[in-house]
Amino acid sequence: MSRSKERLELKYLIRSDLRGRLVNLWQKHLQPAEHTNVDGSYPVLSQYYDSPRLHFYHDKYAGVPIRRKLRIRTYWPSFSKGANFIEIKHRRGQRMWKSRKCLSGDIETFLKDPAKAGGIYAALAQQYSLQRTAQVFYVRHAYVATDSVVGNLRLTFDSSIICLPPSTKMGEESLYSRKNLLLPEHFSIFEIKADKALPEWIFRTIKKEGLLCRPLSKYVLAVDKMSPLLLQLGDS
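Values in this document were obtained by computation on a predicted structure and should not be read as measured data. (Residues numbered from 1 in each chain as written. Predicted model: local features only at pLDDT ≥ 70, side-chain atom pairs only at ≥ 80, totals over all residues. Heavy atoms only, no water.)

Enquirer: Now, about the overall build of the chain: what can you tell me, with residues and values included?
Expert: Looking only at helices and strands, one finds eight helices and 10 strands in the chain. Against the compact-globule benchmark of 18 Å for 236 residues, the chain has a radius of gyration of 18 Å, which places it among compact chains. Pairs at least 24 residues apart make up 72% of the contacts formed inside the chain by residues separated by at least 6 positions. Accessible surface, the chain: about 12100 Å² in total, of which carbon and sulfur atoms supply 53%. Considering the chain, the positive charge centre built from 39 side chains and the negative charge centre built from 22 side chains are found 3 Å apart. (Helix = DSSP H or I, 4+ residues; strand = E, 2+ residues; numbered from the N terminus. Rg over C-alpha atoms; globule rule 2.2 N^0.38 Å. Contact = heavy atoms within 4.5 Å. Areas by Shrake-Rupley, 256 points an atom, 1.4 Å probe, with all protein chains shown as cover. Lys, Arg positive; Asp, Glu negative; His and termini not counted. Charge placed at Lys NZ, Arg CZ, Asp CG, Glu CD.)

Enquirer: Could you give me a rundown of the pairing of strand S8 (residues 131–145), with the residues and numbers involved?
Expert: Most of S8 sits out of view: 11 of its 15 residues are buried. Examined bridge by bridge, strand S3 (residues 30–32) and S8 share three bridges and lie antiparallel to one another. If you follow Gln31 over to S8, its bridge partner there is Val144. Across 10 bridges, the pairing between strand S4 (residues 41–50) and S8 is antiparallel. Its bridge partner lying in S8, Ser41 is registered against His141. Note that S8 and strand S9 (residues 154–164) share nine bridges and pair antiparallel. Within S9, the position partnered with Tyr143 by the bridge is Leu155. (Buried < 20%, exposed > 50% of the residue type's maximum accessible area, 1.4 Å probe, protein only. Pairing = 2+ DSSP bridges.)

Enquirer: Please give an account of helix H4 (residues 119–127) that cites residues and values.
Expert: Inspection of H4 places Tyr121, Ala122, Leu124 and Ala125 among the buried residues, and these make up the whole buried set. When H4 is viewed along its axis, its buried side chains cluster within an angular range of 165° and face the same direction. Of the residues in H4, the exposed ones pointing more than 90 degrees away from the buried face are Gly119, Gln126 and Gln127. Close packing links the buried residues of H4 with helix H2 (55–62), strand S5 (66–74), strand S6 (84–92) and strand S7 (95–103). Looking one or two residues past H4, Ser129 carries a phi angle of roughly 50°, positive in sign. (Arc of directions from axis to C-beta.)

Enquirer: Go over the packing of H2 against helix H7 (residues 218–225) with me, naming the residues and quoting the values.
Expert: For any two helices packed against each other, the geometry comes down to the angle between their axes and how far apart the axes lie. Taken N-terminus to C-terminus, the directions of H2 and H7 make an angle of 110°; their axes are 10 Å apart at the nearest point. Taken together, the axis directions place H2 and H7 in an arrangement best described as roughly perpendicular. The interaxial crossing formed by H2 with H7 has left-handed handedness. Residue-level contacts link Tyr57, Lys60 and Tyr61 of H2 to Tyr219, Val220, Val223 and Asp224 of H7. Class assignment for the residues of the contact of H2 with H7 results in five nonpolar, no polar and two charged. (Axes fitted to C-alpha atoms, helices over the stretch in contact; angles between N-to-C directions. Parallel < 35°, antiparallel > 145°, perpendicular 65-115°, else oblique. Left-handed = near helix turned anticlockwise from the far one by under 90°. Nonpolar A, V, L, I, M, F, W, Y, C, P; charged D, E, K, R; others polar.)

Enquirer: Explain the packing of aromatic side chains to me, and be specific about the residues and the numbers.
Expert: Within this structure, the stated rule accounts for 10 aromatic pairs. Geometrically, the ring pair formed by Tyr42 and Tyr75 is edge-to-face, given 5.7 Å between the ring centres and 75° between the ring planes. With a gap of 33 residues between them, Tyr42 in strand S4 and Tyr75 in the loop between S5 and S6 connect regions that are remote in the sequence. By relative accessible area, which is 9% here, Tyr42 ends up buried. On the accessibility criterion, Tyr75 (24% relative accessible area) is partly exposed. Members of the aromatic cluster, connected to one another through ring pairs, are Tyr12, Trp26, Tyr143, Phe157, Phe190 and Trp201. It is Lys218 that lies over the ring of Tyr138; its NZ or CZ is 4.6 Å from the centre. (Phe/Tyr/Trp six-rings, centres within 6.5 Å; stacked < 30°, edge-to-face > 60°. Lys NZ or Arg CZ within 6 Å of the ring centre and 35° of its normal.)

Enquirer: Can you break down H2 residue by residue, with the values?
Expert: Taken as a whole, H2 has its buried residues at Phe56, Tyr57, Asp59 and Lys60. Seen along its axis, H2 keeps its buried residues to an arc of 165°; they face one direction. Exposed side of H2, more than 90 degrees from the buried face: Tyr61 and Ala62 are the residues found there. Phi turns positive, to about 75°, at Gly63, one or two residues after H2.

Structure below.
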């Protein structure tokens, strides 16, 4: 199991065409992150879990400052390919960190019951009787700072964000169906993760573009999208 360093996390809702402008403005400060494709992107598929009463969902909506959520994630359009990881994302205000473990063996076993991962993952799954709630898929363009002076600075742009019911198999029809989109096609979620203060070149551009930091959660958007089914289950 690994634990990431605690970092500041800021999120912005932007028009997708702004990504190219920002990357061009910051090109001398950035380089594509590791494990990206030729265009600097990679796919992300996450299976989220919550209690029968949607404890994590309601904590986010209520703005509870210290909270957690559990998910299983892969960097393919399917859990049946490549490596799979179970994660607990911890948040304290605008700062976050992740506990993560690579899963080996039959992935369907873990998808059905994340407690099979053992340790802190089993403890959280058992504490809240966690069950599969929603799947979220998107394409991420990721960049890191070239200057070590600014610390571990990572910028990501997530687009083509879709959601599916928890047990639905991801397929080509699902990936390209507009009815599954969480956001209009011309919008993306821009995230900044930093372990130091933001460098002036980012701060200045964000101010100039009038970007507003928002408490965006793909998981919450997915639950909202699939309402009233999930919310009815949470109230039962």
